[in-house]
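Coordinate analysis (summary)
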Amino acid sequence: MRSFVWGWCVALTLLVAGPAQAQREVANAPDPWVHAATGAKLPVSVAGFQRTRVSEYSDDGRDASASYVLRREGGFVSVTLYIYPAAAGLTCVQTFADGQAQIVRRGGVRLIREARDLPPSGRGTPVAHYARYAIPAGTMGEGIPALTSDLYLHCPAGSGFLVKYRASGTEGFEFGPDVTRLIRSIAWPAALAD
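Remember, it's a predicted structure, so these values are computed and weren't measured experimentally.

Looking only at helices and strands, the chain has 4 helices and 11 strands in total. Every one of the 194 residues in the chain was classed for burial, and the buried ones make up 49%. Long-range contacts, defined as pairs at least 24 residues apart, comprise 60% of the intrachain contacts of the chain with a sequence gap of at least 6. For the chain, the accessible surface area stands at approximately 8,900 Å², while carbon and sulfur atoms represent 53% of it.

Now the structure itself:
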């Protein structure tokens, strides 16, 4: 089962690649791992989730992600949380649309809903972009079950950075409240929180 979960997490990471092409795993990432450019602190264990990997997509570490998994009776969910510089010339709407296009490029993926969501702090008005998808069994590879997958993007004004997550869990496993607790439990710096 453990190798299946690991394979599943790797497949999900490949479904929506990080904001950049090159990727390197941060070996022995500390607890918490701190995103140097923003000060966001990503612990090994938070809100019932376990961090499985930290990756950097740029030499200076400004473009990075941390992956988390939560397992419990009824299913599991994998979350990859990205913090990366905003691309010059792209609006938040365009960046979110690009993320959506990467998800639906695989056959049979269906949009369930799209909405605005609260920023990572959970305070203020819903300014973040959010979408939920249904992914048929086998889309991510042989033996991978049907999945429900969320895409979230927050573009905090003036920070120059974006906060994105991709959460995918076994179909029928309602992981939304768990992922919300994870995101709200991260020690976000003020520039990214609201």
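Summed over all chains, the structure comprises 2 aromatic pairs. Between the aromatic rings of Tyr57 and Tyr82, the centroid separation amounts to 6.2 Å while the plane-to-plane angle is 40°, which identifies the pairing as tilted. Remark: Tyr82 occurs in strand β7 (residues 75-85) and Tyr57 occurs in the loop between β5 (49-56) and β6 (64-72); sequence separation between them is 25 residues. Given a relative accessible area of 7%, Tyr57 falls into the buried group. Since its relative accessible area comes to 1%, Tyr82 is described here as buried. Taking NZ or CZ as reference, Arg132 lies 4.8 Å from the ring centre of Phe175, over its face.

Before going further, it helps to examine the state of the cysteines. Evaluated as defined, the whole model comprises 1 disulfide. Between the sulfur of Cys92 and that of Cys155 lies a disulfide, 1.9 Å long from S to S. When the S-S torsion is 80°, as for the bridge of Cys92 with Cys155, the disulfide is right-handed. Of this pair, Cys92 sits in helix α2 (residues 92-104) while Cys155 sits in the loop between β10 (147-154) and β11 (161-170); the two residues are 63 residues apart in sequence, bridging distant segments of the chain.

A separate point is the pattern of salt bridges. Summed over all chains, the structure comprises 8 salt bridges. Among the ionic pairs, Glu25 bridges to Arg53, the shortest N-O distance being 3.3 Å. With a gap of 28 residues between them, Glu25 in strand β1 (residues 24-25) and Arg53 in strand β5 connect regions that are remote in the sequence. Assessed through its relative accessible area of 43%, Glu25 is described here as partly exposed. For Asp150, the salt bridge goes to Arg132, with nearest N and O atoms at 2.6 Å.

Each full turn of the α-helix corresponds to 3.6 residues, which orients residues three or four apart in the same direction. Relative to the 18 Å expected for 13 residues at 1.5 Å per residue, α2 spans 19 Å between its end C-alpha atoms, a close match to the ideal helical length. Considered for burial, the residues of α2 that qualify are Thr95, Phe96, Gly99, Gln100 and Ile103. For α2, the buried positions fall inside an angular range of 140° around the axis, keeping them on one side.

Below, the discussion takes up the nonpolar core. If you look at the biggest cluster of nonpolar residues, it comprises 32 residues, and the most contacted ones within it are Val77, Tyr165, Val179 and Trp188. Elements with a contribution of two residues or more to this core: β5, β6, β7, β9 (128-135), β11, α3 (176-185) and α4 (190-193). Counting residues in each nonpolar core, the second largest holds 15 residues, with Tyr84, Ala131, Tyr133 and Met140 among its members.

Structurally, Gln100 is set in helix α2. Leaving out residues up to four positions away in the same chain, Gln100 has contacts with Glu114, Ala131, Tyr133 and Leu151.

What counts as what
Residues numbered from 1 in each chain as written. Predicted model: local features only at pLDDT ≥ 70, side-chain atom pairs only at ≥ 80, totals over all residues. Heavy atoms only, no water. Helix = DSSP H or I, 4+ residues; strand = E, 2+ residues; numbered from the N terminus. Buried < 20%, exposed > 50% of the residue type's maximum accessible area, 1.4 Å probe, protein only. Contact = heavy atoms within 4.5 Å. Areas by Shrake-Rupley, 256 points an atom, 1.4 Å probe, with all protein chains shown as cover. Phe/Tyr/Trp six-rings, centres within 6.5 Å; stacked < 30°, edge-to-face > 60°. Lys NZ or Arg CZ within 6 Å of the ring centre and 35° of its normal. Disulfide = S-S within 2.5 Å. Salt bridge = Lys/Arg side-chain N within 4 Å of Asp/Glu carboxyl O. Expected span 1.5 Å × (residues − 1). Arc of directions from axis to C-beta. Core = buried A, V, L, I, M, F, W, Y, C linked by side-chain atoms within 4.5 Å.

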